[in-house]
Amino acid sequence: MFMKKLISNVSMIGAMIALLAFSLTASAAGPRPQRGDVTGATPDTYNAGWVTGVSQDGGAKGQSIQLGDHSTDASDFAYYSFRNWWDHDLADVKKIRASFIAATGTVNNGGSPRFSLELDVNADGNFDCPELGPCVADAVIFLDPAWCGDAVAGGWVESDFTGDKTDCTIFDSAKASYTSDGDGTAWSKVVAAYPDAKVWFMFLIQDATTGSNYVDRIKLDSAFFTNNR
């Protein structure tokens, strides 16, 4: 089960250790979906897909995305991409929300699962972050429910990455962190840090998990993902 980490309740050393662990995990080597593989086609996925019977909405027909369904191989590594949500200004993004729950017995380590939001920072129409190695001119924003989420009924964690003003921290590939402070959201600070950026690509990923995670009620601006249609 996800546990919300409250930075104010840990020591400076503990926070530094947690941030280092997150940074190492989030930049771990491994395959990732590519925008070019999704354009005009189905989502690019690996060990992930829509399942029926697990949903925050309840009922036997409710659906969610399962990360780690072993549909590709026996590993727990998984990702699921979102098509047709790119090339708009980062400043125009108003809503990124989702609900998460870990399957029984699942162990999630730092940074997994999460949304990875790839940014074309200089808006040059390219994404300069190699598969292996650090980003060159662009960046990845890590949206992690363990650092930005509220526990609700049924074991679910609801994350409002763009609207949470009370207790939300967002990290990026430059190892910077952005934290809500009551007056402003963590998201507003991300936008301020990347004023000219455009959205390049978005995907869900688990890369430091043993087991499966379910993701439901995904809201990307006006697009609402609640089933596989």
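Sequence positions are assigned chain by chain, starting from 1 and proceeding in written order. Given that this is a predicted model, residues contribute local features only at a pLDDT of at least 70 and side-chain atom pairs are listed and counted only at 80 or more, while totals for whole chains, interfaces and linings are drawn from all residues. Only hydrogens and water are set aside when side-chain values are computed; all heavy atoms of the structure are taken into account.

Quick notes on the overall build of the protein
Rules: In DSSP terms, a helix is any run of H or I states spanning at least four residues, a strand is any run of E spanning at least two, and both are numbered starting from the N terminus. Contact between two residues is taken to exist if any of their heavy atoms lie within 4.5 Å; hydrogens are not considered. Accessibility throughout is a Shrake-Rupley quantity obtained with a 1.4 Å probe, and a residue counts as covered only by protein chains that appear here.
When helices and strands are tallied, the protein shows 2 helices and 16 strands. Within the protein, contacts between residues separated by at least 24 positions form 69% of all contacts whose residues are at least 6 apart in sequence. Only carbon and sulfur atoms are counted for the fraction: they give 54% of the accessible area of the protein, which is about 10,600 Å².

Comments concerning the confidence of the model for the protein
So the rule is basically this: pLDDT runs from 0 to 100 and stands for how confident the predictor is about each residue.
Confidence along the protein averages 85 in pLDDT terms, with 84% of residues attaining 70 or more. In this model, residues 1-29 is a region of pLDDT below 50 whose contacts with residues beyond four sequence positions or in other chains number 40 contacts.

Observations concerning the sheet that holds strand S12 (residues 177-179)
As a reminder, the rule being used: DSSP calls a pair of strands paired once it identifies at least 2 bridges connecting them.
Within the open sheet, the 7 strands sit side by side as S1-S4-S13-S7-S8-S11-S12. Their pairing is antiparallel. Strand pairing shows two members of the sheet lacking a second neighbour, strand S1 (45-46) and S12, which therefore form its edges. Of the strand pairs in this sheet, strand S11 (residues 169-172) and S12 are connected by 3 bridges, and their pairing is antiparallel. In the strand pairing of S12, Phe171 is matched with Ser177.

A short note on the environment of Gly111
Of note, Gly111 is situated in the loop between strand S6 (107-108) and strand S7 (114-120). Once the C-alpha coordinates of Gly111 and Asp144 are considered, the two residues, 33 residues apart in sequence, prove to be 6.1 Å apart.

Re the pairing of S7
The criterion, for reference: Only protein chains enter the accessibility calculation, which uses a 1.4 Å probe; a residue whose area is less than 20% of its type maximum is buried, one above 50% is exposed, and one in between is partly exposed.
Taken across its 7 residues, S7 has 7 buried, putting it largely inside the fold. Sheet topology note: the S7/strand S13 (residues 198-206) ladder contains 7 bridges and is antiparallel. The residue of S13 that forms the bridge with Asp120 is Lys198. The sheet contact formed by S7 and strand S8 (residues 139-143) spans 5 bridges and is antiparallel. Each bridged residue has a counterpart across the sheet, and for Ser116 the counterpart in S8 is Phe142.

Remarks on the pairing of strand S10 (residues 157-160)
On any regular strand, side chains alternate: one points to one face of the sheet, the next to the other face. Across the two faces of S10 the burial differs, with Val157 and Ser159 buried and Glu158 and Asp160 not buried at all. In the sheet, strand S5 (residues 96-102) pairs with S10 via 4 bridges, with the strands oriented antiparallel. Its bridge partner lying in S10, Ala98 is registered against Ser159. Pairing geometry for strand S9 (residues 150-151) and S10, over 2 bridges, is antiparallel. Residue pairing in the sheet places Ala151 in a bridge with Val157 of S10.

Describing the side chain of Thr106
Residue position: Thr106 is located in the loop between S5 and S6. Look past the residues within four positions of Thr106 in its chain and what remains in contact with it is Thr209, Thr210, Gly211, Ser212 and Asn213.

Things to note about helix H2 (residues 186-193)
The line we're drawing: This arc corresponds to the set of directions leading from the helix axis out to the C-beta atoms.
Taken residue by residue, H2 has Ala186, Trp187, Val190 and Val191 as its buried positions. The arc enclosing the buried residues of H2, seen along the axis, measures out at 140°, which places them on a common side. In the core, the buried residues of H2 are packed alongside S5, S7, S8, S11 and S12.

Things to note about the state of the cysteines
Rules: By convention in this document, the label disulfide applies to cysteine sulfur atom pairs within 2.5 Å.
All told, the structure shown has 2 disulfides when counted by the stated rule. The partner cysteine of Cys129 in its disulfide is Cys135, sulfur to sulfur 2.1 Å. A torsion of 110° about the S-S bond marks the disulfide between Cys129 and Cys135 as right-handed. Shown here is the disulfide that connects Cys148 with Cys168, its sulfur atoms set 2.1 Å apart. Here Cys148 and Cys168 share a disulfide; its torsion about the S-S bond, -100°, makes the bridge left-handed. One end of the pair, Cys148, is in the loop between S8 and S9; the other, Cys168, is in the loop between S10 and S11, with 20 residues separating them in the sequence. The residues Cys148 and Cys168 share a single accessibility class, namely buried. With its bonded cysteines labelled in order along the sequence, the protein shows the pairing 1-2, 3-4.

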